[in-house]
Amino acid sequence: AALPEASCRVICDITQRMGTGMAEFVDKDLGQGTVDITQYNRYCHFVAGLVGEGLSRLFAVSGLEQSSLATELHLSDQMGLFLQKTNIIRDYLEDYVDGRAFWPQSVWKKYSSTGDLGYFANPTTDETRLAGLNCLNELVTDALELAPDCLAYLSKLRCAEVFRFCAIPQVMAIATLDKCY
């Protein structure tokens, strides 16, 4: 079965914008993370915030949700950023070992006495463990600042299936951040 034309337009638009945005990061050296919170948020917007926007628009054009949901760009973006930031926090070691990182340098450099993101990879002293925990707590707090907007978005949903589709990952993200904090 073919997708309705309105859905195809949304998917094409979001995919184009994601590709264009992600292309900004192709030549960047992300071995030590993003430069600052602004770049971190921009990256998260392109890889996940636009997914949130696209889903909102799809829910609206399909008739599952009110058409006004398609205009909730900020809340849709925040839903995606919350999930992406949670994944980035959770996947620190795997990403670092693979030679990529997304933790903002403006955050982690406050806590790394070596000036290297790998400082947190194998904490062998109480000082290193405490520094890692403080860094992690700052990143978790940054992510949790998005929770009120996520709740506001969820409160706008009327279709039970769409609500579950959106709420379950958000609850899982909160549980993940709880374990990290």
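Just above, that's the structure.
(A) Local environment of the layout of surface pockets. Space inside the largest pocket adds up to approximately 210 Å³. In this structure, the largest pocket is lined by 14 residues; those nearest its centre are Val 51, Gly 52, Leu 55, Leu 83 and Gln 170. Sorting elements by how many residues they give to the lining of the largest pocket places helix H2 (residues 37-61) first, with six residues. In the lining of the largest pocket, the residues fall into 10 nonpolar, four polar and no charged.

(B) Expanded view of H2. The end-to-end C-alpha distance of H2, which contains 25 residues, comes to 33 Å, matching closely the 36 Å that a straight helix rising 1.5 Å per residue would cover. For H2, the side-chain oxygen to backbone nitrogen distance between the N-cap and Thr 38 is 3.2 Å, and the N-cap itself is Asp 36. Immediately downstream of H2, the backbone of Gly 63 shows phi near 85 degrees, a positive value.

(C) Layout of the side chain of Glu 65. Relative to the helices and strands, Glu 65 is located in the loop between H2 and helix H3 (73-90). Engagement of the side chain of Glu 65 in a polar contact is seen with the backbone nitrogen of Cys 159, the distance being 2.9 Å. The contact partners of Glu 65, leaving out residues within four places of it in the chain, are Phe 59, Ala 60, Lys 156, Leu 157, Arg 158, Cys 159 and Val 162.

(D) Spotlight on helix H1 (residues 5-23). A rise of 1.5 Å per residue sets the reference length of H1, with its 19 residues, at 27 Å; its end C-alpha atoms lie 27 Å apart and thus fit the reference within 8%. Residues of H1 that are buried: Ser 7, Val 10, Ile 14, Met 18 and Gly 21. All buried residues of H1 lie within an arc of 75 degrees about the axis, which places them on one face of the element. Set apart from the buried face of H1 by more than 90 degrees, the exposed residues are Glu 5, Cys 12 and Gln 16. On the buried face of H1, the contacting elements are H2.

(E) Geometry of the nonpolar core. Membership of the largest hydrophobic core comes to 47 residues, with the highest contact counts inside it found for Ile 89, Trp 103, Phe 120, Tyr 153 and Cys 166. Those elements that place two or more of their residues in this core are H1, H2, H3, helix H5 (105-108), helix H6 (126-144), helix H7 (147-155) and helix H8 (160-180). Counting residues per element, this core draws most heavily on H2, at eight residues. Every residue in contact with Cys 166, bar those within four places of it in the chain, is listed here: Phe 59, Met 79, Tyr 153, Leu 154 and Leu 157.

(F) Examining the state of the cysteines more closely. Taken as a whole and judged by the stated rule, the model has zero disulfides. Left without a disulfide partner, Cys 12 is nearest to the cysteine sulfur of Cys 8, which lies 6.4 Å away. Among the residues examined, Cys 12 registers a relative accessible area of 54% and is labelled exposed. With no disulfide of its own, Cys 150 lies closest to Cys 166 among cysteine sulfurs, the gap being 10 Å.

(G) Summary view of the environment of Ala 131. Relative to the elements of secondary structure, Ala 131 occurs in helix H6. Leave out the neighbours within four places in its chain, and Ala 131 touches Tyr 111, Tyr 119 and Phe 120.

(H) Region of the structure containing the pattern of salt bridges. With the rule as written, the count across this model stands at 13 salt bridges. Note that Glu 53 and Arg 17 form a salt bridge whose closest N and O atoms lie 2.9 Å from each other. Taken together, the residues Glu 53 in helix H2 and Arg 17 in helix H1 connect sequence positions 36 residues apart. Overall, Glu 53 belongs to the buried group, its relative accessible area being 8%. With a relative accessible area of 29%, Arg 17 lands in the partly exposed category. Three or more residues are tied together by salt bridges with common partners; here these are Asp 13, Arg 17, Glu 53 and Arg 57.

Rules and cut-offs
Residues numbered from 1 in each chain as written. Predicted model: local features only at pLDDT ≥ 70, side-chain atom pairs only at ≥ 80, totals over all residues. Heavy atoms only, no water. 1 Å grid on protein atoms, 1.4 Å probe; cavity = no way out; pocket = protein on both sides within 12 Å on 5 of 7 lines; lining within 4 Å. Points joined across faces, edges and corners; volume = space filled by probe spheres on them. Helix = DSSP H or I, 4+ residues; strand = E, 2+ residues; numbered from the N terminus. Nonpolar A, V, L, I, M, F, W, Y, C, P; charged D, E, K, R; others polar. Expected span 1.5 Å × (residues − 1). Polar contact = N/O pair within 3.5 Å; in protein donor to acceptor, adjacent residues only side chain to side chain. Contact = heavy atoms within 4.5 Å. Buried < 20%, exposed > 50% of the residue type's maximum accessible area, 1.4 Å probe, protein only. Arc of directions from axis to C-beta. Core = buried A, V, L, I, M, F, W, Y, C linked by side-chain atoms within 4.5 Å. Disulfide = S-S within 2.5 Å. Salt bridge = Lys/Arg side-chain N within 4 Å of Asp/Glu carboxyl O.

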